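Single-letter residue listing:
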Amino acid sequence: IICVYWFYHKSDTERNRWRFIRFITFVLIMIAGLRHQYVGNDTINYLNNFDSVSNMNWENVMNDFVNAYFNPNKDNGKDPAMLVLNMFLCMFITDHAVYLTIMAAILLIPLAFFLKLNVKSFSELLFVYLFYIALYYGFLPNSAVRQSIALGFILIGSIIYQKFI
């Protein structure tokens, strides 16, 4: 990040900041997507859940979703929507690396657009990315997939609010 920063920071324009953000986002998504299945506390559990959904049909998934959503308890899972998302993704992909890449992109792409809107200098970008990588990147998106998705949606909501309201 520091090397890329030194390459771009001499010309602190919005275009170069956006190039920097896109490059760092791409690298972070690739690192998160190509990691081993045992990197992160819960990664293997998310991958096992993803694999188990492929043996289900949509009727069972929707019944489980409705039951878990309207009658939550400790036996029927934490997030009923995760089952629906996994079922949807199983229609198109089976590879774990692609799954982890998509989960990382759900957080990191909205983060990139959020930074594009709110960060006005290269120094701020360098600080934000170094802070994020040092304190949060090991957790979001590399361990906590559900939380990463939630934060991604919060960032999307914030972007929509800033842009259109």
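Residues numbered from 1 in each chain as written. Predicted model: local features only at pLDDT ≥ 70, side-chain atom pairs only at ≥ 80, totals over all residues. Heavy atoms only, no water.

Caption draft 1: Structural view of the pattern of salt bridges. In total, this model carries 2 salt bridges according to the counting rule given. Of the charged contacts in the structure, one is a salt bridge between R17 and D12, with a shortest N-O distance of 2.7 Å. Of the residues examined, R17 reaches a relative accessible area of 12% and is grouped as buried. (Salt bridge = Lys/Arg side-chain N within 4 Å of Asp/Glu carboxyl O. Buried < 20%, exposed > 50% of the residue type's maximum accessible area, 1.4 Å probe, protein only.)

Caption draft 2: Representation of helix α5 (residues 80-90) within the structure. Residues P80, M82, N86, M87, L89 and C90 constitute the buried set of α5. Where α5 is buried, its residues meet α3 (43-53), α4 (58-70), α6 (96-118) and α8 (145-164). (Helix = DSSP H or I, 4+ residues; strand = E, 2+ residues; numbered from the N terminus. Contact = heavy atoms within 4.5 Å.)

Caption draft 3: A look at the environment of V145. Considering the arrangement of structural elements, one finds V145 in helix α8. The spatial distance from the C-alpha of V145 to the C-alpha of T43 is 7.7 Å, given a sequence separation of 102 residues.

Caption draft 4: Expanded view of unusual backbone geometry. Of the consecutive residues L140 and P141, the connecting peptide bond is found in the cis state with omega at 10°. Relative to the helices and strands, P141 resides in the loop between α7 (122-135) and α8.

Caption draft 5: Structural context of the nonpolar core. In terms of nonpolar packing, the biggest core is built from 27 residues, with F20, L108, L125, Y129 and Y132 touching the most fellow members. Those elements that place two or more of their residues in this core are α1 (2-8), α2 (14-33), α6 and α7. If sequence neighbours within four positions are ignored, L108 has contacts with T25, L28, I29, Y132, Y137 and P141. Counting 15 residues, the second-largest nonpolar core is a separate cluster that includes M82, L100, V145 and I149. (Core = buried A, V, L, I, M, F, W, Y, C linked by side-chain atoms within 4.5 Å.)

Caption draft 6: Quick look at a positive patch on the surface. Where like charges cluster on the molecular surface, the positive patch consists of R15, R22, K116 and K163. One can find R15 in helix α2. (Patch = residues over 30% accessible without salt bridge, like charges linked within 9 Å, V, L, I, M, F, W, Y side chains within 5 Å. Areas by Shrake-Rupley, 256 points an atom, 1.4 Å probe, with all protein chains shown as cover. Lys, Arg positive; Asp, Glu negative; His and termini not counted. Charge placed at Lys NZ, Arg CZ, Asp CG, Glu CD.)

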